[in-house]
Each structure stands twice: as structure tokens, then as C-alpha cells.
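Given next are the chains, with one letter for each unit.
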Amino acid sequence: MHYDENNIFARILRGEIPCQKVYEDDHVLAFNDIAPKAPVHILVIPKGAYISIDDFGAHAPAEEIKAFYAAVAKIAADHDLQGKGFRTIANTGLNGGQEVPHFHVHILGGKALGPMLAS
Ligand code: AMP
């Protein structure tokens, strides 16, 4: 599948669209979701052009994968999520309900989130 250079997260990475940044390093950017589903709802994205979690896992260098999950851990710690817990979601493709075709993990927390899937 072809990476769409004009997806909204690519445009955020190029600085064409603003975001509420919560974390950034050489490989990773994280920002608040524009339509939060929980008191904490942060999107973590790699700076590289990966469509989905399977694209990222198959093609990203180890350094980028390590940086990505280290950033998830740091963001969870910085937002005091580790004690009571939190949820990460990586919607993937059509059946996964992925809206933005640039790999991202949602970090959700700050309240009890209930069942994993709506029944
Ligand atoms: P997904 O369905 O996993 O692709 O989720 C995409 C997420 O991106 C949704 O939760 C949207 O609310 C969020 N989103 C879309 N545009 C923006 C934006 N400009 N800034 C922050 N979050 C956004």
C-alpha cells in the first residue's frame, strides 16, 4: 500500500497543521487527540512514514521501534497513568476503523475505561 504524504498526521509533522504537543524526540511526536474519548487521550506517532502498526513493525529500524515504545512509557509516566492503568489502541485498516493512514497509538486513561470493545 502507498503512504499518503498528505494525511493529516504527515501535515502535522511538517508543521502545516498545529497540534497540542505533549512529547517530541528525534523519532516520535505525541499530541492530544482533537476529540478526546477519555480525560487523557494522547496520540503517539513515529516521524517516519509508516501506514500502520504492521508496516511499522515490519519495516522500521530497531532504533525507531525502541524510541516509539520508550516514548509511550515516558508519556504514561508523565501523565501519572501507570498506577491505575491505561489503554493503548492501534486501529489498523478498514476492519480496525483506522481513519488516519499514518501509524499511531492512542493512549487513553484518567478513568476506568470499561470493556475493550462496545458490545
Ligand atoms: P484512528 O481512527 O485510530 O485513525 O484515529 C484517528 C484519531 O485522530 C481520531 O481519534 C481523531 O480524533 C484524531 N485526529 C484527527 N485529526 C486530528 C488533529 N488535527 N489533531 C489531533 N487529533 C486528530
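Procedures and definitions
Residues numbered from 1 in each chain as written. Predicted model: local features only at pLDDT ≥ 70, side-chain atom pairs only at ≥ 80, totals over all residues. Heavy atoms only, no water. Helix = DSSP H or I, 4+ residues; strand = E, 2+ residues; numbered from the N terminus. Buried < 20%, exposed > 50% of the residue type's maximum accessible area, 1.4 Å probe, protein only. Contact = heavy atoms within 4.5 Å. Core = buried A, V, L, I, M, F, W, Y, C linked by side-chain atoms within 4.5 Å.

Draft legend 1. Representation of the overall build of the protein chain. Assigned secondary structure in the protein chain consists of four helices and five strands. For the protein chain, the N- to C-terminal ordering of α and β elements is α-β-β-β-α-α-β-α-β. In terms of its C-alpha atoms, the protein chain occupies a principal-axis envelope of roughly 35 × 35 × 30 Å. Within the protein chain, the fraction of its 119 residues that count as buried is 37%. Long-range pairs, those at least 24 residues apart, make up 52% of the contacts in the protein chain with a sequence separation of at least 6.

Draft legend 2. Representation of the nonpolar core in the model. Counting residues in each nonpolar core, the largest one holds 19 residues, and the members touching the most others are Ile42, Val44, Phe68, Ile75 and Ile107. Broken down by secondary-structure element, the contributors of at least two residues to this core are β2 (28-32), β3 (40-46), α3 (62-78) and β5 (105-109). Per-element accounting of this core gives the leading share, six residues, to α3. Once residues lying within four places of it in the same chain are set aside, the contact partners of isoleucine 75 are Tyr23, Ala30, Ile42, Val44 and Ile107. Counting residues in each nonpolar core, the second largest holds eight residues, with Phe31, Leu43, Ile45 and Val100 among its members.

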